[in-house]
Amino acid sequence: MSSNSEEENDFILLDCPVCGEETDFMFLKQPPEAVVQCVECGHTMRVTLKEPKYCMVKAVISHGSESIPAKIELVEGEVISVGDFLVAEANDETYNVEVLSIEENNARRQKMPAEKITTLWTRLVDIVIISASVNKGATTIPLYEQVDGENEYTTDTLTTIAGKMFHINRIKLRNNHMLTRKGKTAKAYEIKRIYGERS
């Protein structure tokens, strides 16, 4: 049965029992009682998927001598670490920030699940780390590069990260939404990972 609207969020990362590693799975039947197929080996399985729960975490952004109160939306269960780059909201504006310290009930931590964090101490940055997983034949190449947070990336186009040119197949956003349709664009600070192929 065909659908009138193409589903964008049609891939998910899961552990494949056949491949023995985390791979991309394509939805054959949508959640919550989903049927998914590994894009690497074709293994099909049923999984029960729950909608992610979000929590709003208090944050403080350091900018020169100024401290800006802010908030950061995170997924419950997501582990946040010192050095992570996140997107904070303050006064109806969004800011790219780097986590300097994580506070849990007046104790400082190096990493912590999102829902247990009391306050994130951050600094304002214009630069974010863009991550990509690029397939070339049977090999997947991880790529990382510091880029301006406002840089834009578009599905079904060529881009270059860490000196490697590749074709963008899909883009996973920080809110776990997956962009797969041709011509969908996201800014670097919104992106969790880019998936692509080299010929």
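Look above for the structure.
Keep in mind that what you see is a predicted model, and the values were worked out from it rather than measured.

Caption draft 1: Here's a closer look at the overall build of the chain. Per the secondary structure count, the chain includes zero helices and 20 strands. Against the globule reference of 16 Å for 199 residues, the chain gives a C-alpha radius of gyration of 18 Å, in line with a compact fold. For the chain, the spread of C-alpha atoms along the three principal axes comes to 55 × 40 × 35 Å. Sorting the 199 residues of the chain into buried and exposed places 39% on the buried side. Taking as baseline every contact in the chain between residues at least 6 positions apart, the subset at least 24 positions apart corresponds to 41%. When the accessible surface of the chain is split by element, carbon and sulfur atoms take 45% of a total near 11,700 Å².

Caption draft 2: A look at a negative patch on the surface. A surface patch of like charges, here negative, comprises Glu73, Glu89, Asp92 and Glu93. A residue is classified by how much of its surface remains accessible, and Glu73, at 45% relative accessible area, is partly exposed.

Caption draft 3: Fine view of the packing of aromatic side chains. Here the structure, examined in full by the defined rule, presents zero aromatic pairs. The ring of Tyr195 carries Arg170 above its face, with NZ or CZ at 5.0 Å from the centroid.

Caption draft 4: Broad picture of the pattern of salt bridges. Applying the stated criterion across every chain, the model contains five salt bridges. Glu103 serves as the salt-bridge partner of Arg108, at 3.8 Å between the closest nitrogen and oxygen. Of the residues examined, Glu103 reaches a relative accessible area of 11% and is grouped as buried. The salt bridge involving Glu150 is made with Lys187; its shortest N-O contact spans 2.8 Å. Taken together, the residues Glu150 in the loop between strand E14 (139–148) and strand E15 (152–154) and Lys187 in strand E19 (residues 185–187) connect sequence positions 37 residues apart. Overall, the relative accessible area of 42% leaves Glu150 in the partly exposed class.

Caption draft 5: Molecular detail of the sheet that holds strand E3 (residues 33–38). Strand order in the open sheet formed by four strands is E1-E2-E3-E4, with antiparallel pairing between adjacent strands. The open sheet has two edge strands with one neighbour each: strand E1 (11–16) and strand E4 (44–48). Put simply, the sheet's adjacent strands are angled 50° from each other on average, direction ignored. Relative to strand E2 (residues 21–29), E1 runs antiparallel, the two sharing six bridges. Bridged to Leu13 within E2 is Asp24.

The rules behind the values
Residues numbered from 1 in each chain as written. Predicted model: local features only at pLDDT ≥ 70, side-chain atom pairs only at ≥ 80, totals over all residues. Heavy atoms only, no water. Helix = DSSP H or I, 4+ residues; strand = E, 2+ residues; numbered from the N terminus. Rg over C-alpha atoms; globule rule 2.2 N^0.38 Å. Buried < 20%, exposed > 50% of the residue type's maximum accessible area, 1.4 Å probe, protein only. Contact = heavy atoms within 4.5 Å. Areas by Shrake-Rupley, 256 points an atom, 1.4 Å probe, with all protein chains shown as cover. Patch = residues over 30% accessible without salt bridge, like charges linked within 9 Å, V, L, I, M, F, W, Y side chains within 5 Å. Salt bridge = Lys/Arg side-chain N within 4 Å of Asp/Glu carboxyl O. Lys, Arg positive; Asp, Glu negative; His and termini not counted. Charge placed at Lys NZ, Arg CZ, Asp CG, Glu CD. Phe/Tyr/Trp six-rings, centres within 6.5 Å; stacked < 30°, edge-to-face > 60°. Lys NZ or Arg CZ within 6 Å of the ring centre and 35° of its normal. Pairing = 2+ DSSP bridges. Axes fitted to C-alpha atoms, helices over the stretch in contact; angles between N-to-C directions.

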